[in-house]
Amino acid sequence: MSVRGFAEHLGVNPAAISNWEKRGAATRMRYETQQMLDVDLARSPAEVKQRFAQTLKASATADPSASTVPADGSRPTRQDLGTRSQERTAAVLAALGGQQPDDLAYTPPADIQRLVADFLASTTRVYLIIGPPGCGKTSFTRHLASRAPGVDVQLLTADSWTEDTDLAREILRYGSQPAGEDPLLTLEVESRNLSRPLLVVIDSPQSRAVVDKVCRQLDGTLRQVLSGNLRFLLVLRTPPEIELAPYPVLSAAVMPGQGQGQGAEPSLRLDRWDAPTAREVWNAQRHSNEPPFDALPPKIRNLARLPLYMSLIRAAKSTEPLGQANAYRLVEFCVASILKAASLDVDRATADLTALARRQLAAAWPHQLLPAIKANPPGNVGDLTAFPIARLVRSGPSGSLTFHHDVIREFLFARWLAQLIESHGRSTVTIELLNDLAARTSLSGDLRGVLEFLLQGLDATSPELLAAVAQSPSISITETLPLMLELTGESPAFATAEVLRVCASRCLHDNGLPLARALLHTNAAATALGGEYPRWMLRVLRRFGPAVWSDIVACVETQLPVAAVHDFVRLAQLDTVEDAVFLARHFYVFLTADDSTSQELKTLLAHPDWRARAALAEGIRASHAIPQQTVISIMESLTADRDYKVRAAAAEAAGQSTAPGLEHLLPTLLDDRNWHVRERLLQGLSFRVGDENSAADLVIRGQEAWRHGPRNVRVAAQRLLLECGRKPLQDEDSSRSALFGLLREIRTGALRLPTNVQSALIRQGVASKDWLVRTEANLLEHHGTATSAAAGIGKEAFRRLRGGRALQVALDVRDVDHAIAVAQAAASAGVQFIEIGDPLIKSVGVQAISAVKQRTPGAWIVAEMMSADWGRDQVVLATEAGADVVLLIGPASIASVSAAAEASRRLGVPVMIDVPEGRLVQDWVQDMERAGVDGFAITTNIDLGVAGFHPLDQAQLIRSWTKLPVAVSGGFEPTDVEASRRRSWDILVVGRGVTDSLDPAVAARDLAASIELTEGHRS
C-alpha cells in the first residue's frame, strides 16, 4: 500500500511522510519515527490491526492493471463490486419493467441529467432526495439507474429493513461479495478497487428508527470508506423534515441543491406536478374512453397532480362516482374498484389487507389503547397474490405480501382506526389517541400519512365528532388541532364557524403559533370571524412577528376580500416599526400597486425608522408584479434617501432588477458617497451575469468611482468582471482576491460558470504570480492528482477527526520568522495542525497565515480570528490568506454563525467556534451544530492559573452533546499525563509548551510521542 495510505490508517500527519513518498522503496525512516509507528500499531485496538493487515494483504495480491480503464473507454474485464452490482441492477430493472405494464410512463424532473452529472463531478459523496409519499421518488431512482452513463448503480430498497440491518453488509451482498467478519472493512477494501463510480441508492427507509439507523451507518461508512468512487443517493420521505445535524460527516457530504445556502439542505426536492405538467401527462397517456384532464372534477384534477393518485385513478378505470372527493375518498374508491375488477369479495379482501396493514404498522405505533392484533386474521392474505391487483400489493423478497405503496397501507390502517374512534365517540380515549398520534407525526412519515387519512375519513363520516374534539380543552393546540386544520383539506366539514372562533381565541397564547399559522391557511376562518378577521390578523402579526409574515401574505393573496385588506391596512399603526416594516416589505399585496401617490406609500417612504424605508426596496427585489411606474417612483425616492442603509437596500434591488426604467439610477448609486452602497450595487449586478454583459460595461465605465475605495468594494467589482469573462482592471491586489475566490468556489461546486469562462479563469490562475492562486488553478486543472494537503482538509474530512487524536500547535507569538521556525519543527514532528494565533495576526496581519502556510505545505493551517460577530468576513479573509480551518472566537448570534457557515460551505473551509464563558450549555452547542459549524474549541488561557474548570472536563461535557470534533487547549505539555490518558478530546492544542521551548522541535516530538504512544483510556 502507499505510504500516505499507511499514514491515513495510523493517523500520521502528511507533513511527516511527504519525503517518504518521493523516495519510494528507498525510504529510510528515522529511528524515532519507525519506533513511533511500530509501537502505535502494536498498541492499536484489534480492529485497527485487522484492518491494517487486510489492507496489506489486499495491496499485495491486487493486480495493478485490473482497475485501469482501457484506452477505448470500455469497461475493464475485472469483476469489481461495481461491475457485479450493475449486472444485478440490470436484472432488477428488467424484472420490475414487466410487473406494471399499464402504469404511467415516468416523467423525470427537468435537467436531471445535468444535476446528476454535476454531482458525480463534484467532491460531495451524497445526493439527498426528499419528497412526500407518491411523488415519484422510487420511479426517479429507477429512471436514473437505467440511464446514468459512466456509473454503476445499486438499488437498495429499504422498505423491508429493520433496525438490525447492516448497511455495509447490504452493499456487499448486492454485489455478491462476502462480507467477512468486518463488513465495513471489506467494503473499504472493495471501494478502493472500483474502476468507476458506484452509486448506492438507499430508497425510502420506513420507520424513523430505521432512518436514524441508516443515517448513523452511512455517517460511519463515510468516515471510514474514503474512496471517491463510492457515492450514495439517499431517498427520504417528508414530511416531517429530516435533520442531519446528528450525523456530522453525512451532513457535510451532502451536495447542496440549486439555490440552497443553509445547512444540509436536500440536493433535490420532489413534489406534486404543477397543473400544466399533470395535464400533459394525463392527456398524453389517456385511453380513448378516458376523459381529458380538464374534464375531470376540479378536486380530482388537483389530486391527480400527485403521480401515485393519477396512477390509482387510471387503475380504477373511472372517476364518475368520486365527485368532489378528498384523498381519503379517492383512495377508498380506487381500492374498492381495483378489488372489484379482480373479481374479489371487496369487503373480505379489504379486511385481509387491513389486517396486513395493522401488522406492518404495529411497531410504529404500539399504543396501549389499540386492540391487540389477532394471531390468525380472517381470510388468507397470501391468496391475494393470485389476483391482478399489483397496484395494491406485491410479493416481497421472502414471498410475503407487501403493499405496492406506503399510502395504501396507511389508508387501510387509518380506515380501521377511524371506525375504532367513532365507536369511542367524544371520550378521553379518542382525545388521547389523537394527541398521541399527532405527537408522533413529527418523527414518523408513516404515522403522518395515517393521521392525514384518519382526519379526512372522520371529516367525511363524522364531522360532528371532530368538531367536538376540536373544542375540547384537552386537545393539543401545538400539534393535534393545527394538524386537524391542515390535513383535512381546503374546506373541512368539522371546521364550523364556532370551531374556528374557538381556535382563533386559543391561538393567541404563547404556544399558539402552529395553530395561528394553520388558521391563516383555512379558507373559512375569514367568514367565521367576519369583520373581526383583519383585527385578529393584526393581533397575530404583533404576537408572533416575522414567523407569520409569509402566512399572512399567502392568506391575503388567496383568501381575503379586497374590503378586508383595506380594513387591515386602515387598522395597522404605521407609526409603529413592526406594522410599518411588514406592510412596506409586502406593499405590493396590501397597497394599491398602480398608485405610487397613495397616502400609505407616502407615509412609508417618509417613515422615521430606516427599516421601514429599506423594506420597500426588499419588496421590490422580491416581487415581479409591480407596475413599472410604481417601481421607478419608489426607487427614485430610496436612491435619494438620507440613510446609507436605505440606499444600500435600493442599490442591491436596482442591481438585480432587469426591469426597464431603472438604468438611470445605476450611475448615481455607483457614485454614492458611501462605499457600502456601491458594494451592494456591485453584488446586485453580479446576479445578472449570464444574462447580459451590461453589468460589466457599467463597472468598466464607472471604474473611477471605486478604484481607490476599500478593498472589499474593489474585489466585488473585479469579481463581477471576471464572472462576465472580462479582463480584470489594473489592480493586482483586488484582482488576485477575486480570482482566488472564484477558483475556490468552482472547485467546491458552489459556483457554476460557462465552460469558456471557467477555462479562462483557470488559465489566469496558472499564470498568476500568487502561489495560492496557482495552487487553486492547478487543483482544478489536475483534479485529484494534487496532494490532500494542498487541497486543504475539507469539511467532511475535518468532521472525521471525531474519535481521533490530532495535535495542534498554537503560534501565539509576535514574530513571523520565529513562528515559521516553530511551525516547521512541529510539522516535522507529526503535528497535524498549526494555529496562527491572534497576537501574530494582529502584529503581522493575515499575511502571517500565508507565510506559515507556504513554508509548511504538509500541515493544515488554522486561523484564529478574534471575532465571531462578523463571521462571514472572517472566513473569507482567512481563506484568501491560505487558511485551511477558521477558528472563530467571541460572542456571536446564530445569524452571524450561520453566515460564517455559509461562507465556509462555499469556500470548502471547516469552521470551528470557541465556546465562550457562560455558553457551556447543551442548547447552545446544538444550535451552533445546526447552524453549520464543523467543530468546537475550549480555549483556556493559562493566565487564569489554577482557578476555573479543568478544560478536559469541559471538552468531555461538550463531546457528550455533539458528534463534531472538539479541540481543547490549556497549557498542555508532554508531562501532562492526564491529557495523554484521557479521551475527552479530538484535537489537543498546545501553545507555550512548544513555542516557548528553547528547542521547539524536541518539545513537539516529545509531545507527539507522549500522546501517540500512551495507552488511551476513554473517560
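Just above sits the structure.
This one's a predicted model, so the numbers in the text were calculated from it and none came from an experiment.

Enquirer: How should the overall build of the protein chain be read in this particular structure?
Expert: A count of helical and extended segments in the protein chain gives 52 helices and 15 strands. Long-range contacts, defined here as pairs at least 24 residues apart, represent 70% of the contacts in the protein chain between residues at least 6 apart. Entry remark: accessible area of the protein chain is about 43800 Å², with carbon and sulfur atoms responsible for 51%.

Enquirer: Before we go on, may I ask you to explain the sheet that holds strand β11 (residues 885-888) in this structure?
Expert: Note on sheets: strands pair through backbone hydrogen bonds, and any given pair is parallel or antiparallel. The eight strands are arranged β8-β9-β10-β11-β12-β13-β14-β15 in a closed barrel whose pairing can be described as parallel. When the angles between neighbouring strand axes are averaged without regard to direction, this sheet yields 25°. Bridge count between strand β12 (residues 911-914) and strand β13 (residues 935-939): three bridges; the pairing is parallel. Residue pairing across strands places aspartate 914 opposite alanine 937, the latter belonging to β13. Running at roughly 170° to strand β8 (residues 806-811), helix α43 (residues 816-828) makes contact with β8 and β9 (833-836) of the sheet. In the packing of helix α49 (residues 951-959) onto the sheet, contacts are made with β13 and β14 (966-969), and the angle to β14 comes to roughly 170°.

Enquirer: I would appreciate a short explanation of the sheet that holds strand β3 (residues 198-203) in the present structure.
Expert: Pairing in this open sheet of five strands is parallel, and the strands run β2-β3-β4-β1-β5 from one edge to the other. Strands with a single pairing partner mark the edges of an open sheet, and in this sheet they are β2 (152-157) and β5 (268-269).

Enquirer: Help me understand the packing of aromatic side chains, please; the structure alone is not making it clear to me.
Expert: Any two aromatic rings considered together are summarised by their centre-to-centre distance and by the angle between their planes. For the structure on display, the rule yields 14 aromatic pairs. Taking the centre distance of 6.3 Å and the plane angle of 70° together, the rings of phenylalanine 568 and phenylalanine 582 count as edge-to-face. Of this pair, phenylalanine 568 sits in helix α27 (residues 562-571) while phenylalanine 582 is found in helix α28 (residues 577-585), placing the two residues 14 residues apart along the sequence. Of the two residues examined, phenylalanine 568 and phenylalanine 582, each falls in the buried class. Through successive ring pairs, a cluster of aromatic residues spans Trp549, Phe568, Phe582 and Phe590. Sitting above the plane of the phenylalanine 119 ring, arginine 231 keeps its charged end 5.3 Å from the centroid. Taking the ring centre of tryptophan 675 as reference, the NZ or CZ of arginine 678 above it sits at 4.3 Å.

Enquirer: Would you explain the pattern of salt bridges in this entry?
Expert: Pairs can form between side chains of opposite charge once their charged atoms are near each other. For the structure shown, the criterion picks out 49 salt bridges. Between arginine 223 and aspartate 219 there is a salt bridge; the shortest N-O distance is 2.8 Å. Pair noted here: arginine 223 and aspartate 219 are both in helix α10 (residues 208-224), with a separation of four residues, about one helical turn. Arginine 237 is paired through a salt bridge with glutamate 410; the nearest N and O atoms lie 2.5 Å apart. Taken together, the positions of arginine 237 in strand β4 (residues 230-237) and glutamate 410 in helix α17 (residues 406-424) put the pair 173 residues apart, joining distant regions of the chain. Here arginine 237 matches glutamate 410 in class, with each residue buried. The network of salt bridges with shared partners includes Arg237, Asp406, Arg409, Glu410 and Asp446.

Enquirer: Explain helix α6 (residues 112-121) here, please?
Expert: Structurally, the α-helix is built with 3.6 residues per turn, so residues lying three or four positions apart point the same way. Along α6, the residues that are buried comprise Ile112, Leu115, Val116 and Phe119. Projected down its long axis, α6 carries its buried residues within an arc of 95°, all on one side. For α6, the elements touching its buried residues are β1 (126-131), α7 (137-147), β3, β4 and β5.

Enquirer: Which parts of the structure should I look at to understand the packing of helix α12 (residues 275-285) against helix α14 (residues 307-316)?
Expert: Closest axis-to-axis distance for the α12/α14 pair is 12 Å, and the angle between their directions is 25°. Here α12 is positioned roughly parallel relative to α14, judged by the angle of their axes. Where α12 crosses over α14, the handedness of that crossing is right-handed. Contacts between α12 and α14 pair Ala278, Val281, Trp282 and Gln285 from the former with Met310, Ile313 and Arg314 from the latter. Each residue belonging to the contact of α12 with α14 can be placed in one class, and the counts come to five nonpolar, one polar and one charged.

Enquirer: What is the right way to read the pairing of β4 from this model?
Expert: Regular strands place side chains that alternate from one sheet face to the opposite one. The element β4 is largely enclosed, with a buried count of eight among its eight residues. The pairing of β1 with β4 spans six bridges and is classified as parallel. In the sheet register, leucine 128 faces β4, and the bridge partner there is leucine 234. Relative to β4, β3 is paired through six bridges, and the arrangement is parallel.

Parameters at a glance
Residues numbered from 1 in each chain as written. Predicted model: local features only at pLDDT ≥ 70, side-chain atom pairs only at ≥ 80, totals over all residues. Heavy atoms only, no water. Helix = DSSP H or I, 4+ residues; strand = E, 2+ residues; numbered from the N terminus. Contact = heavy atoms within 4.5 Å. Areas by Shrake-Rupley, 256 points an atom, 1.4 Å probe, with all protein chains shown as cover. Pairing = 2+ DSSP bridges. Axes fitted to C-alpha atoms, helices over the stretch in contact; angles between N-to-C directions. Phe/Tyr/Trp six-rings, centres within 6.5 Å; stacked < 30°, edge-to-face > 60°. Buried < 20%, exposed > 50% of the residue type's maximum accessible area, 1.4 Å probe, protein only. Lys NZ or Arg CZ within 6 Å of the ring centre and 35° of its normal. Salt bridge = Lys/Arg side-chain N within 4 Å of Asp/Glu carboxyl O. Arc of directions from axis to C-beta. Parallel < 35°, antiparallel > 145°, perpendicular 65-115°, else oblique. Left-handed = near helix turned anticlockwise from the far one by under 90°. Nonpolar A, V, L, I, M, F, W, Y, C, P; charged D, E, K, R; others polar.

Remember, this is a structural readout, not a statement about activity or role.
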